[in-house]
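The chain contents come next:
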Amino acid sequence: MAIESDVLVIGGGLAGATAAIEAARGGASVRLVAHKENTLRNASGLIDVLGYNGGDEPLVEPFEAIADLPDEHPYRKVGVEAVRESLALFDEIAGDLYEGGHTETNALSPTYGGRVKPTGRYPKSAAAGLASRTEDTLLVGFEIVTSFDAPLAAERLDSSVPFDVRGVTIRFPGEFRADARITRLATALDADELRDREQRLGTREALAARVAEYLGDAERVGFPALLGDDEHQAVREALETELGVPVFEVPMGPPSLPGMRLEDRLYEELDAEGVRVESGNPVVGYTADDGRITAVSVDRGRREVPYHAEQFVLATGGLVGKGIDSSREGVSEPVFDCHVPQPEERYEWFHDRVFDDQPYARFGVSVDDGLRPLDSSGEPEFSNLRAAGAVLGGYDMAREKSASGVSLSTGLVAGQRANEDLQ
Amino acid sequence: MTDRVDALVVGGGSTGCGIARDLAMRGLSVALVEQGNLTHGTTGRMHGLLHSGGRYAVSDQASARECIEENRVLREIASHCVEMTGGLFVQLEDDPDEYFEEKLAGCRECDIPAEVLTAEEAREREPYLTGDVKRAIAVPDGAVDPFRLCVANAADAAEHGARIETHAKVTDVLVEDGEVAGVEVEHESGPGKRNHSLPGTTEEIRADHVINATGAWAGRVGKMAGVDVEVRPSKGVMVIMNVRQVDTVVNRCRKKGDADIIVPHETTAILGTTDVEVEDPEDYPEERWEVDMMIETLSELVPILDDARTIRSFWGVRPLYEPPGTGTTDPTDITRDFFLLDHEDRDSLPGMTSIVGGKFTTYRMMAEKISDHVCAKLGVSAECRTAEEPLPGSEDFSVLRDYMDEFGLRSPIGRRSVQRLGSRADDVLETTDPNPTVCDCEAVTRAEIQDAIDGSGSDLNAVRIRTRASMGNCQGGFCCHRMANELHPRYDEPTVSEAWDELVQERWKGERHALWGEGLSQAALNYQLHATTMSLDRTPEIADFGAFDSGVETATDGGERTTGSRSSSGPRSDGGRTERGRDGD
């Protein structure tokens, strides 16, 4: 039987999920196909909108700065109102998992490297730790969690924030391999495993007891983001009850529990909206007729299966997610072979210092105001294809701290435009 | 502090460290000064081939004989630095038979064990060789870790009382009454172990004899003493692959040419190289054609290289030398032999000897000859013992044990640590504290990192070369910050941050030459982890914390309130209150 839907979204990250949810809410039948694990689990879980525009001073009001961005920036394509709308959609989907929606102003979050970073939305689990609050802070690290050195991060933070920060490294309660994954520690807290059989202490209480020794006059306590997976709310509440002060998570790199929690929430919403989700198989080709894509082919191992749709959304990610590919000869978009603007000479893709304004960081497809990818002469590649998220070029998400905001807003607009064209 | 020694060695590469070890073992008081890390120059920028001598068996038989002799010595004294992979000289269908026969005869004349393999036999050993193989000669080439070897020499020299001073750049050679009397060094400010002096200070170190073992930099040191040392630096590129496509050293069996060797190295394979004369050993173009040529030309030998993942590229500078007047125009024709320039004989300047030219494989033999020369000058009659005494890490290391149980490490991690550490494994890995993995790609644990910090201080690039941490597939994306964390609390936050940034920059420097395909994808991921998740790309200037969202807090009475903020209080430092202790339970 032929596989057909109104809208086919390729890519299962933040942009693809947003496009699919928005299209489904508009009444379309939507299918989402994702190849590999998406990059949400690599990301901190913070929802950055726009943290910097040029200078070293973080932006307080990200929306006000959007008008100053260059024309090719994805925010300029979708417009500031769409950015606002997409964050409202996010707030609704994220529900009690996230905070920050009460204001358009950026918050400042501590990073696990001990720096401060502007962000638009933050997991509720990180809310008490904002550097834009002023409570004196104790950071707690674990001997076997080598990514986060709490005393060092504290020393860095302390030199830049208007409150006191101390750090301490303790042993995680219980017996774990020296190289246990942080997900293993999270599940120990989830299950509240019995660590101390004589005193009948579970992991949560045992951990709180160890931290209490160092609490002093700290008004909040931060941990690396491993305070539970499914039961994270209960874990944090238990620690807060034992310690008597707010407890927070410092967002971390991969594997990121806040990223995974967000992923779970998004997929629940996709399910609730009736989006059919398939993952594990790549889209490897397409058929087109008169400038319209009629189907893409999905490689299911033994054979390639055509997936038909009226509208298509390309949300396959950037260089990291392999939505943008490259070889020694050049940079390309592998699914539809959309044009990717690039310097012809490979040695002009980069500059010599790692945090220079890197040309490669802006690689991606360029689009019109309807997010349709453009060919080298500036014409839409296909009339029914839209691109969203990191596959878009013309912006440097790391430098600007804009990754999630671009994914949300372009995902939203791609979903909306796909719906409009169905009429 | 020793500021007067019998012998002062300038240069912390393999030759300099070898000389320092040799002289110290003979009982001389020795100091070694190096402008950067140990191996900062040529030693740290080579493909790590332990020559069998086969490469020189046609063109330079004297060198070939030295190579096979030293090859045998290093297998004995530096077993933990050497992997005897074996090597092949591969003839392809269109390569001339004549050269193959010459190569074979040359190996036999030089006492290099050589066995002819048919195409089938060669491909059985190395399945990824092209189908165009005609036949091959198998020789005892190997891979050697130049960092580990060089550091082991320095460590042993220090064991014998030598002073090893890194990040100490020679700013002047002291000439008094027509004689070299020592050097002036500047202790660099920045991360690094500087037990002897404060950063930014200068120091005069006096010596009865100065040895200029600075390789491609020998001309510069010579100039400070007022003598001409005509080294001809020649650059060569090396391209590192993410896996070992070959398990033996693969050479192309034809007359000299660029891009004719693949050396398997730990988890990687290194492709080499070019040979282009340059003016300045520190400032020369690193060009795209060199990288492309390695991959394109060596794909003729091993076709999968064309699609394989490249993780970085680096360049080294050979310290080529030929006596004045020889007039060779092509650097590939310049002899790889070494020259001892006695400046008393040559320039009527007593008190200094320069050592130029030479090859890594024969570093010990060179060191022995220089040390003989220096001892003769100083009237010391002690014998050289460096060919018999194993280097630290290679003593009594013959039994493979089950390190998984012994050190509580998972077996691949334990095995790799023990291979790196050799007989030092017990000392380093036996710890009662948790010993988590810091670098996953190269399986380096905290204990090894801490041991390297013991030896090299806060310089993370020195920690890197001692341990291989951050040198794997991710090129430091997942471990640079972890390595930096290990410096704390021994070093304060500014020192750690500076070392961290230096390491991140250094990793990028080589990565940017492999910026396509998987390499570009990895670079983009590293950039996002560092700049997005950690915000390492800038130190924000925040004038008013109170202007930012401070969140909505659920108050204890159940209502919601927006927390106030002390916007009037500006940033301040209170590092003294930071608690650095670790829980003792």
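Residues numbered from 1 in each chain as written. Chains lettered and ligands numbered in written order. Predicted model: local features only at pLDDT ≥ 70, side-chain atom pairs only at ≥ 80, totals over all residues. Heavy atoms only, no water.

Per an unreviewed UniProt entry, the recorded name for chain B is Glycerol-3-phosphate dehydrogenase, and the organism is Halalkalicoccus jeotgali. Taken directly from UniProt, the Subcellular location (unreviewed entry) text for chain B runs: "Cell membrane". Its UniProt record gives chain B a comment under Sequence similarities (unreviewed entry), which states: "Belongs to the FAD-dependent glycerol-3-phosphate dehydrogenase family." (UniProt positions renumbered as here; feature names shortened; annotations may be inferred.)

Visitor: When you look at the overall build of chain B in this model, what are you seeing that I'm missing?
Guide: In terms of helices and strands, chain B carries 17 helices and 24 strands. Taking all 585 residues of chain B together, 61% fall into the buried category. The long-range share in chain B, meaning contacts at least 24 apart out of those at least 6 apart in sequence, stands at 71%. Element-wise, carbon and sulfur atoms account for 45% of the exposed surface of chain B, whose accessible area totals about 21800 Å². (Helix = DSSP H or I, 4+ residues; strand = E, 2+ residues; numbered from the N terminus. Buried < 20%, exposed > 50% of the residue type's maximum accessible area, 1.4 Å probe, protein only. Contact = heavy atoms within 4.5 Å. Areas by Shrake-Rupley, 256 points an atom, 1.4 Å probe, with all protein chains shown as cover.)

Visitor: Any chance you could explain the overall build of chain A here in plain terms?
Guide: Of regular secondary structure, chain A possesses 12 helices and 19 strands. In summary, chain A has a C-alpha radius of gyration of 23 Å against a globular reference of 22 Å for 423 residues, a match within 12%. In terms of principal-axis extent, the alpha carbons of chain A reach across some 75 × 50 × 40 Å. The proportion of buried residues among the 423 residues of chain A is 64%. (Rg over C-alpha atoms; globule rule 2.2 N^0.38 Å.)

Visitor: Can you walk me through unusual backbone geometry in this structure?
Guide: Most peptide bonds are trans, and most residues other than glycine sit at a negative phi. Residues and elements named next belong to chain B. The omega torsion across Gly 272 and Thr 273 is -15 degrees, close enough to zero to call that bond cis. Mapped onto the secondary structure, Thr 273 falls in the loop between strand E16 (268–272) and strand E17 (276–277). The linkage connecting His 488 with the following residue, Pro 489, adopts the cis geometry, with an omega of 5 degrees. In this fold, Pro 489 is placed in the loop between helix H15 (480–485) and helix H16 (493–511). In this structure, Asp 177 is a non-glycine residue whose phi angle is positive, near 50 degrees.

Visitor: Please clarify how the interface of chain B and chain A should be interpreted in this entry.
Guide: A common measure of how large an interface is: the accessible area buried when the components associate. Taken residue by residue, the interface counts 92 residues in chain B and 91 residues in chain A. When the buried surface of chain B facing chain A is broken down by residue, Tyr 527, Arg 538 and Asp 549 of chain B rank first, second and third, together holding 10% of it. On the surface where chain B and chain A come into contact, there are 11 salt bridges. In this structure, the salt-bridge partner of Glu 345 of chain A is Arg 288 of chain B, at a minimum N-O distance of 3.2 Å. For the interface between chain B and chain A, the tally reads 34 residue pairs in polar contact (both at pLDDT 80 or more). Breaking the side of chain B that touches chain A down by element, the ones donating at least two residues are helix H7 (288–298), strand E21 (437–439), H15, H16, helix H17 (517–533) and strand E23 (552–554) of chain B. It is H17 of chain B that contributes the most residues to the side of chain B that touches chain A, 14 residues altogether. Here the residues of the side of chain B that touches chain A are counted per class, giving 33 nonpolar, 29 polar and 30 charged. (Buried area = accessible area lost by both parts, 1.4 Å probe. Salt bridge = Lys/Arg side-chain N within 4 Å of Asp/Glu carboxyl O. Polar contact = N/O pair within 3.5 Å; in protein donor to acceptor, adjacent residues only side chain to side chain. Nonpolar A, V, L, I, M, F, W, Y, C, P; charged D, E, K, R; others polar.)

Visitor: Mind showing me how you'd approach the sheet that holds strand E4 (residues 82–83) of chain B here?
Guide: Adjacent strands of a sheet form backbone hydrogen bonds with each other and so pair up, either parallel or antiparallel. All names here are of chain B. The antiparallel open sheet is built from three strands, whose spatial order is E3-E8-E4. Each edge of the sheet is formed by a strand with only one pairing partner; in this case those strands are strand E3 (49–50) and E4. As defined by bridge partners, E4 adjoins strand E8 (residues 142–144) across two bridges and the pair is classed as antiparallel. Across the sheet, Val 82 pairs through a bridge with Val 144, a residue of E8. (Pairing = 2+ DSSP bridges.)

Visitor: Looking at this structure, I do not really get the pairing of strand E4 (residues 107–110) of chain A. What am I missing?
Guide: Regular strands place side chains that alternate from one sheet face to the opposite one. All names here are of chain A. Burial of E4 is two-sided: the residues Ala 107 and Ser 109 facing one way and the residues Leu 108 and Pro 110 facing the other way are all buried. Judged from the four bridges that link them, E4 and strand E5 (residues 116–119) form a sheet pairing that is antiparallel. Each residue of the ladder has a partner; that of Pro 110, found in E5, is Val 116. Hairpin connection of E4 to E5: five residues between the antiparallel strands, including Gly 114 at a positive phi of 85 degrees.

Visitor: Which parts of the structure should I look at to understand the UniProt feature "domain: BFD-like [2Fe-2S]-binding" (unreviewed entry) in chain B?
Guide: Those places that UniProt annotates as "domain: BFD-like [2Fe-2S]-binding" (unreviewed entry) correspond, in this numbering, to residues 438–487 of chain B. The annotated region residues 438–487 of chain B carries 50% helix and 8% strand content, and the separation between its end C-alpha atoms amounts to 12 Å.

Visitor: Can you help me understand the nonpolar core in this one?
Guide: Generally speaking, nonpolar side chains in soluble globular proteins are found buried as a group. Within the largest apolar cluster, 206 residues are counted, with the highest numbers of intra-cluster contacts made by Leu 139, Phe 223, Leu 226, Phe 336 and Tyr 360 of chain A. If you tally residues by element for this core, the top one is helix H1 (residues 14–25) of chain A, at eight residues. The residue makeup of this core includes at least three contributed by each of domain 2 (84–142 + 232–321) and domain 3 (431–538) of chain B. If we skip the residues at most four places from it in the chain, Leu 226 of chain A touches Phe 142, Val 145, Phe 172, Ile 182, Leu 185, Ala 186, Leu 189, Glu 249 and Leu 257 of chain A. (Core = buried A, V, L, I, M, F, W, Y, C linked by side-chain atoms within 4.5 Å. Domains from an automatic or database assignment.)

Visitor: In this structure, what is going on with the packing of H1 of chain A against helix H10 (residues 257–272) of chain A? I would like to understand it.
Guide: All names here are of chain A. Closest axis-to-axis distance for the H1/H10 pair is 10 Å, and the angle between their directions is 25 degrees. Relative to H10, H1 is oriented roughly parallel. Both H1 and H10 take part in a crossing whose hand is left-handed. Here Leu 14, Ala 17, Ala 20, Ile 21 and Arg 25 of H1 come into contact with H10, specifically with Leu 266, Glu 269 and Leu 270. (Axes fitted to C-alpha atoms, helices over the stretch in contact; angles between N-to-C directions. Parallel < 35°, antiparallel > 145°, perpendicular 65-115°, else oblique. Left-handed = near helix turned anticlockwise from the far one by under 90°.)

Visitor: How should helix H9 (residues 363–378) of chain B be read in this particular structure?
Guide: Given 3.6 residues per turn, any residue in an α-helix points the same way as the ones three and four places further on. Residue and element names in this part refer to chain B. The end-to-end C-alpha separation of H9 is 22 Å, in line with the 22 Å expected for 16 residues at 1.5 Å each. Buried within H9 are the following residues: Tyr 363, Arg 364, Met 365, Met 366, Ala 367, Ile 370, Ser 371, His 373, Val 374 and Cys 375. Just downstream of H9 lies Gly 379, where phi reads positive at about 70 degrees. (Expected span 1.5 Å × (residues − 1).)

Visitor: Can you walk me through the domain arrangement of chain B in this structure?
Guide: Residue and element names in this part refer to chain B. Domain annotation of chain B identifies domain 1 (4–42 + 146–230 + 335–378), domain 2 (84–142 + 232–321) and domain 3 (431–538). Once you take the C-alpha centre of each, domain 2 and domain 3 turn out to be 30 Å apart. Of the residues lining the interface, 14 residues belong to domain 2; the matching set on domain 3 comes to 18 residues. For the pair domain 2 and domain 3, the summed buried area comes to about 1300 Å², and 44% of that belongs to carbon and sulfur atoms. Of all residues in domain 2, the largest losses of buried area upon contact with domain 3 belong to Arg 309, Ile 311 and Arg 312, amounting jointly to 49% of the total for that side. Remark: the boundary between domain 2 and domain 3 carries five salt bridges. For Lys 509, the salt bridge identified is with Glu 286, shortest N-O distance 3.8 Å. One can count nine residue pairs in polar contact (both at pLDDT 80 or more) joining domain 2 with domain 3. Counting only elements with at least two residues in the side of domain 2 that touches domain 3, the list comes to H7 and strand E18 (310–321).

Visitor: Is there a simple way to explain the environment of Asp 330 of chain B in this structure?
Guide: Within the fold, Asp 330 of chain B resides in the loop between E18 and strand E19 (338–342). Taking the C-alpha atoms as reference, Asp 330 of chain B lies 37 Å from Leu 391 of chain B; in sequence the two are 61 residues apart.

Visitor: Just to check I follow, could you spell out the side chain of His 530 of chain B for this structure?
Guide: By the element assignment, His 530 of chain B lies in helix H17. Using a relative accessible area of 4% as the deciding quantity, one classes His 530 of chain B as buried. In contact with His 530 of chain B, other than residues within four places in its own chain, are Phe 355 of chain A together with Gly 476, Gly 477, Val 504, Ser 535, Leu 536 and Asp 537 of chain B.

Visitor: Where do I start with the sheet that holds strand E12 (residues 247–250) of chain A in this structure?
Guide: Residues and elements named next belong to chain A. The strand order across the open sheet built from four strands is E8-E7-E11-E12, with neighbouring strands paired in parallel fashion. Edge positions in the sheet fall to strand E8 (165–170) and E12, since each of these pairs with one other strand and no more. Ignoring which end each strand starts from, the neighbouring axes of this sheet average 30 degrees apart. Pairing of strand E7 (residues 137–142) with E8, which is carried by six bridges, proceeds in the parallel orientation. Paired with Phe 142 across the two strands is Ile 170, which belongs to E8. Helix-sheet contacts for helix H6 (residues 150–158) involve E7 and E8, and the interaxial angle to E8 is about 175 degrees. The strands that helix H9 (residues 232–243) touches are strand E11 (220–224) and E12; relative to E12, the one it contacts most, it runs at about 130 degrees.

Visitor: What am I meant to see in the packing of H1 of chain A against helix H4 (residues 80–94) of chain A here?
Guide: Residues and elements named next belong to chain A. At a minimum axis distance of 12 Å, the contact between H1 and H4 shows a crossing angle of 90 degrees. With respect to H4, the element H1 is oriented roughly perpendicular. Between H1 and H4, the contacting residues are Thr 18, Ile 21, Glu 22 and Arg 25 on the first element and Leu 89, Glu 92 and Ile 93 on the second. Each residue belonging to the contact of H1 with H4 can be placed in one class, and the counts come to three nonpolar, one polar and three charged.

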